[in-house]
There are 2 protein chains.
Amino acid sequence: MGALRPWARFPLLVVGHLLALGIGAAVFQALEGPPALRLQAKLRTELAAFQAEYGACLPPGALEELLGTALAAQARGVSSWGDGSEAGNWDLPSALLFTASILTTTGYGCMAPLSAGGKAFCVVYAALGLPASLALLAALRRCLLPLLSRPGAWVAAYWRPAPARAALLRAAGLGLLVAGAFVLLPALVLWGVQGDCSLLEAIYFCFSSLSTIGLGDLLPGHGRGLHPVLYHLGQLALLGYLLLGLLAMLLAVETFSELPQVRAVVKFFGSSGPRTAEDQSGILGQDELALSTLPPLAAAPEQTPTC
Amino acid sequence: MGALRPWARFPLLVVGHLLALGIGAAVFQALEGPPALRLQAKLRTELAAFQAEYGACLPPGALEELLGTALAAQARGVSSWGDGSEAGNWDLPSALLFTASILTTTGYGCMAPLSAGGKAFCVVYAALGLPASLALLAALRRCLLPLLSRPGAWVAAYWRPAPARAALLRAAGLGLLVAGAFVLLPALVLWGVQGDCSLLEAIYFCFSSLSTIGLGDLLPGHGRGLHPVLYHLGQLALLGYLLLGLLAMLLAVETFSELPQVRAVVKFFGSSGPRTAEDQSGILGQDELALSTLPPLAAAPEQTPTC
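Residues numbered from 1 in each chain as written. Chains lettered and ligands numbered in written order. Predicted model: local features only at pLDDT ≥ 70, side-chain atom pairs only at ≥ 80, totals over all residues. Heavy atoms only, no water.

Scanning chain A from terminus to terminus reveals 9 helices and 0 strands. Counting from the amino terminus, helix and strand elements in chain A follow one another as α-α-α-α-α-α-α-α-α. By the burial criterion, 48% of the 307 residues in chain A qualify as buried. Within chain A, contacts between residues separated by at least 24 positions form 68% of all contacts whose residues are at least 6 apart in sequence. On chain A, roughly 14,200 Å² of surface is accessible, and the fraction owed to carbon and sulfur atoms is 71%. (Helix = DSSP H or I, 4+ residues; strand = E, 2+ residues; numbered from the N terminus. Buried < 20%, exposed > 50% of the residue type's maximum accessible area, 1.4 Å probe, protein only. Contact = heavy atoms within 4.5 Å. Areas by Shrake-Rupley, 256 points an atom, 1.4 Å probe, with all protein chains shown as cover.)

Next comes the structure, spelled out in structure tokens:
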């Protein structure tokens, strides 16, 4: 790999990514194509059976029209079955959850603006709110990362591993902590609380929320006729989970991106010309890494900022 | 604002954000509550009318069962109306689009894994693919940002604004370019090509895709009975748009986060103790900013890496 011409590395990385995209698509196609076709076939069979049995007394197109309205309404987030447990679609906890899903860019999509004013406000709110959230996260990072490195310092004082290994252990520890506390634990809670989803589905939901992918195909408690108070408590719990979990995940990503090993990989693929002035400068802070500039543990400031 | 005690600034920022979350939720509730209730009422009226007219010849619950199946299928991304234009839900362009929506964390949700294997693969693929994508973006940044600063250098040489203003102009220029080329232009194209969505809806879709929110309530061309070739071309165009647009947006965000004004705001809210060693170091590279470490234009390396 080291013998690769510099100019060849970056295109190779891009090609590798496009290949990974294609391979992922092929695997999803193989895994998901048959179940989707089976579900579609089942639905069509039911429709045909319904038409066959009762089509005589229905005018042509009446059923399709009704189905069309119901499906279109659901696509806009409006459920066909209304009962007391969901007092309107846009009660305050639901609106808070929607707003948080915008600000964390998760975007579940189970609720979405219907009106032109709502769509316009959505764009403006996100255009202003996302940069503000990024600034908040940057400020949070300044406070929290030094605190997080303390456990690492204790471990280092006890075991005295080499600095590179210390950084790797610290990052791995933080990664395991975040995965355990913010994916596995909430998934276990969700699985215990909701009777009808498997542990895998709970993990899938937590991971999809935390990574801000937010597919929104499984939303806990949705439309199950729960007691309103429980349902709203669940929504507020999800809200807190989204906000805290995103923060934890970003801190973990930052910590990993500081690792010398990661920086070396980025540098390997990213600079293809002769060594530049900054490569030779050697000051870690000047290393062009997408996410982090925190000086390494050894050079930590003597006074920790108190937030 | 400068008179604020240091320890008060950060909590103030957090409180401000929570307030903004609450205010956004209230505005959405006001804008969206009534339309959602109206749509729900309309749907219920249609259901009731249908039952009243034809309920006599339908056994009780038969209609609800059929509707339930159709709605559940749609929630899983399977459409009730199948015709030749969408040969299966998971054809290769659709699978590619889904995979790209995972890797860019957009996560539209109109297609989602049904099977346990698909969900598990989704988690593993994202857990591996997202860090790899971040590394790719970091490497890309090393190559592209110096290239992007060249126009800024020409402008600076011609007008000779003050350095801080030059950086601001450069960032604003890049922001306008990204907004124009990656939000407005694609929105205009989409609006022209699709007859039944307004310009606002097109802008809303482009913005939601680019910011990776990905609500997925409007997806171009979906289920409109387009010619298959056109539909797939449209999907591939959307795929390219997602990947390139995300890159452009991240570069713009990086450029803005380098601005002295932005760094000052982050520092103001982020460090509350006495000035630390790094505050006094003065090397911009050591400034703890979430996203960027690129040295400012004045200190740009003499040799631009050739990708």
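Turning next to helix α6 (residues 199–210) of chain A. All names here are of chain A. Its 12 residues give α6 an end-to-end C-alpha distance of 16 Å, which sits within 8% of 16 Å, the value for a rise of 1.5 Å per residue. When you tally the buried positions in α6, you get 9 out of 12 residues, the bulk of the element. E201, A202, Y204, F205, C206, F207, S208, S209 and L210 are the residues of α6 that are buried. Just downstream of α6 lies T212, where phi reads positive at about 65°. (Expected span 1.5 Å × (residues − 1).)

Moving on, we get to the UniProt feature "transmembrane region" (unreviewed entry) in chain A. Residues and elements named next belong to chain A. This chain's UniProt record puts "transmembrane region" (unreviewed entry) on residues 95–114, 121–140, 167–190, 202–223 and 229–253. Secondary structure content for residues 95–114 is 45% helix and 0% strand, while the C-alpha to C-alpha distance between its ends is 13 Å. Secondary structure across residues 121–140 comprises 100% helix and 0% strand; the distance between its end C-alpha atoms is 27 Å. (UniProt positions renumbered as here; feature names shortened; annotations may be inferred.)

All names here are of chain A. On the surface, a cluster of nonpolar side chains totalling about 580 Å² of accessible area is made up of L184, L185, L188, V189, W191 and V193. By secondary structure assignment, the location of L184 is in helix α5 (residues 163–193). A relative accessible area of 43% places L184 in the partly exposed class. (Patch = residues over 30% accessible without salt bridge, like charges linked within 9 Å, V, L, I, M, F, W, Y side chains within 5 Å. Salt bridge = Lys/Arg side-chain N within 4 Å of Asp/Glu carboxyl O.)

Attention shifts here to the nonpolar core. Across soluble globular proteins, nonpolar side chains have a tendency to be buried as a group. Core analysis: the biggest nonpolar cluster contains 64 residues, and F50(A), L63(A), F98(A), F50(B) and L63(B) have the highest contact counts within it. Setting aside residues no more than four positions away along its own chain, F50(B) makes contact with L58(A), A62(A), L63(A), L66(A), G55(B), L58(B) and L63(B). Core analysis: the next-biggest nonpolar cluster, separate from the first, contains 37 residues, L96(B), F98(B), Y125(B) and C197(B) among them. (Core = buried A, V, L, I, M, F, W, Y, C linked by side-chain atoms within 4.5 Å.)

Taking 1.5 Å per residue, 49 residues should reach 72 Å; helix α1 (residues 6–54) of chain B reaches 70 Å between its end C-alpha atoms and fits that length. At E32(B), α1(B) shows its maximal kink, close to 40°; a proline, P34(B), follows between one and four residues later. (Bend = angle between axes of the 7 residues up to and from the residue.)

Below, the discussion takes up the packing of aromatic side chains. Each pair of aromatic rings is reported with the distance of its centres and the angle of its planes. Within this structure, the stated rule accounts for 10 aromatic pairs over all chains. Pairing F98(A) with F28(B) gives two aromatic rings, centres 4.8 Å apart and planes at 90°, and the pair type is edge-to-face. Of this pair, F98(A) sits in helix α3 (residues 92–103) while F28(B) sits in helix α1, each in a different chain. Exposure remark for F28(B): the relative accessible area of 0% places this residue in the buried category. Their ring planes at 15° and their centres at 5.9 Å tell us that Y108(B) and F205(B) sit as a pair that is stacked. Placement of Y108(B) in the loop between α3 (92–103) and α4 (116–159) and of F205(B) in helix α6 (residues 199–210) is noted, with a sequence separation of 97 residues between them. Of the two residues examined, Y108(B) and F205(B), each falls in the buried class. Members of the aromatic cluster, joined through ring pairs, are F28(A), F98(B), F121(B) and Y125(B). (Phe/Tyr/Trp six-rings, centres within 6.5 Å; stacked < 30°, edge-to-face > 60°.)

One frequently used descriptor of interface size is the decrease in accessible area upon assembly of the parts. For chain A, the assigned domains read domain 1 (13–73) and domain 2 (90–267). Computed from C-alpha coordinates alone, the two centres of domain 1 of chain A and domain 2 of chain A are separated by 31 Å. (Domains from an automatic or database assignment.)

Residues and elements named next belong to chain A. Of the residues in chain A, 77% reach a pLDDT of 70 or more, and the chain-wide mean stands at 74. Considering each helix and strand of chain A separately, the mean pLDDT is smallest for helix α9 (residues 277–281), with a value of 39, and largest for α6, with 88. Low pLDDT, under 50, characterises residues 83–87; the predicted model gives this stretch 9 contacts beyond four residues in sequence or across chains. Ignoring residues within four places in sequence, the model shows residues 273–307, a span with pLDDT below 50, making 98 contacts including any to other chains. Both confidence scores are given for the complex: pTM 0.77, ipTM 0.77. (pLDDT = per-residue confidence, 0-100.)

Here we take up the pattern of salt bridges. All told, the structure shown has 2 salt bridges over all chains when counted by the stated rule. When the shortest N-O distance is used, the salt bridge between K119(A) and E201(B) registers 3.2 Å. Here K119(A), found in helix α4 (residues 116–159), pairs with E201(B), found in helix α6, and the two come from separate chains. We note that K119(A), like E201(B), is buried.

Take A172(B): it is sitting in helix α5 (residues 163–193). Separated by 54 residues in the primary sequence, A172(B) and G118(B) have C-alpha atoms spaced 43 Å apart.

Residues and elements named next belong to chain A. Direction vectors running N to C along helix α1 (residues 6–54) and helix α2 (residues 62–75) enclose 140°, while the axes themselves pass 11 Å from each other. Of the possible angle classes, the one that applies to α1 and α2 is oblique. Pair α1 / α2 crosses with right-handed handedness. Contacts from L47, F50 and Q51 of α1 reach α2 at L63, E64 and L67. (Axes fitted to C-alpha atoms, helices over the stretch in contact; angles between N-to-C directions. Parallel < 35°, antiparallel > 145°, perpendicular 65-115°, else oblique. Left-handed = near helix turned anticlockwise from the far one by under 90°.)

Right, let's get into the environment of R150(A). Relative to the helices and strands, R150(A) is located in helix α4. Residue R150(A) is classed as partly exposed on the basis of its relative accessible area of 40%.

On to the state of the cysteines. Scanning all chains against the criterion turns up 0 disulfides over all chains. Between C206(A), a cysteine without a disulfide, and C197(A), which holds the nearest cysteine sulfur, the sulfur-to-sulfur distance is 9.0 Å. (Disulfide = S-S within 2.5 Å.)

Before going further, it helps to examine unusual backbone geometry. Residues and elements named next belong to chain A. The backbone of T105 shows a phi angle near 60°, a positive value even though the residue is not glycine. Position of T105 among the secondary structure elements: in the loop between α3 and α4. The buried category is assigned to T105, whose relative accessible area is 14%.

All names here are of chain B. Mapped onto the elements, T104 comes out in the loop between α3 and α4. Exposure remark for T104: the relative accessible area of 5% places this residue in the buried category. Engagement of the side chain of T104 in a polar contact is seen with the backbone oxygen of A100, the distance being 2.8 Å. T104 has contacts with T212, L242, L243 and L246, leaving out every residue within four places of it along the chain. (Polar contact = N/O pair within 3.5 Å; in protein donor to acceptor, adjacent residues only side chain to side chain.)

Below, the discussion takes up the environment of L200(A). For L200(A), the location among the structural elements is in helix α6. You can call L200(A) partly exposed: its relative accessible area is 26%. Here the alpha-carbon distance between L200(A) and A26(A), two residues 174 residues apart in the chain, equals 22 Å. In contact with L200(A), not counting residues within four places along its chain, are A116(B), K119(B) and A120(B).

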